[in-house]
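A look at the structure
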Amino acid sequence: ITTGDVTEFVRICNTIPYRIDLCNDDNHHVSGKSLLGALYSLEWSEIYCTCEQDVYSKIQKFVKE
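These lines cover the structure that appears in this document, whether it is placed above or below. Every chain is numbered on its own, with residues counted from 1 as its sequence reads. pLDDT decides what is reported in this predicted model: residues at 70 or higher carry local features, side-chain atom pairs at 80 or more are listed and counted, and totals for whole chains, interfaces and linings draw on all residues regardless. No hydrogens and no water enter the side-chain calculation; it runs on all heavy atoms of the structure.

Notes on the overall build of the protein
- Per the convention used, a helix needs a DSSP run of H or I reaching at least four residues, while a strand needs a run of E reaching at least two, with both numbered from the N terminus. For the protein, the count of helices and strands is three helices and three strands.
- Its C-alpha atoms give the protein principal-axis dimensions of roughly 25 × 25 × 25 Å.
- Two residues form a contact once any of their heavy atoms are found within 4.5 Å. Taking all contacts inside the protein whose residues are at least 6 apart in sequence as the whole, residues at least 24 apart take part in 46%.
- In this tally, Asp and Glu contribute negative charge and Lys and Arg positive charge; neither His nor the terminal groups of the chain are included. In plain terms, the charge of a residue is placed at NZ if it is Lys, CZ if Arg, CG if Asp and CD if Glu. Looking at the protein, you have 6 positive and 10 negative side-chain charges, and the mean spots of the two groups are 9 Å apart.

Side note on the pairing of strand β1 (residues 20–23)
- Think of it in three bands: with a 1.4 Å probe and only protein chains considered, a residue is buried below 20% of the maximum accessible area for its type, exposed above 50%, and partly exposed in between. Neither face of β1 is left uncovered, since the one carrying Ile 20 and Leu 22 and the one carrying Asp 21 and Cys 23 both have all their residues buried.
- Here β1 pairs with strand β3 (residues 48–51) via four bridges, running antiparallel. The residue of β3 that forms the bridge with Cys 23 is Tyr 48.
- Two strands are counted as paired when DSSP detects at least two bridges linking them. Two elements, β1 and strand β2 (residues 29–31), share three bridges in a ladder whose sense is antiparallel. Across the sheet, the residue bridging to Asp 21 is Ser 31, located in β2.
- Between β1 and β2, which follow one another and run antiparallel, lie five residues, and Asn 27 among them has a positive phi close to 65°.

With respect to helix α1 (residues 3–13)
- Listed as buried for α1 are Val 6, Phe 9, Val 10, Ile 12 and Cys 13. Angular distribution of buried residues about the axis of α1 spans 160°; they occupy a single face of the element. More than 90 degrees from the buried face of α1, the exposed residues found are Thr 3 and Arg 11. Of all possible arcs, the one meant is that of the directions from the helix axis to the C-beta atoms.

So this is what it looks like as structure tokens:
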């Protein structure tokens, strides 16, 4: 993951009119719409993206299964 990838992810999240959170197993949450928060989440071993709507088609490039 590069800084460009994080910037693109945040840009995509900011086009979605719903709250998007990045979270980990320790129950830490940051906004997926925040560049600083998204960069911070890179320190986590596992990152999950949550949203009240299905946004998979918009962020699938960043999903690692």
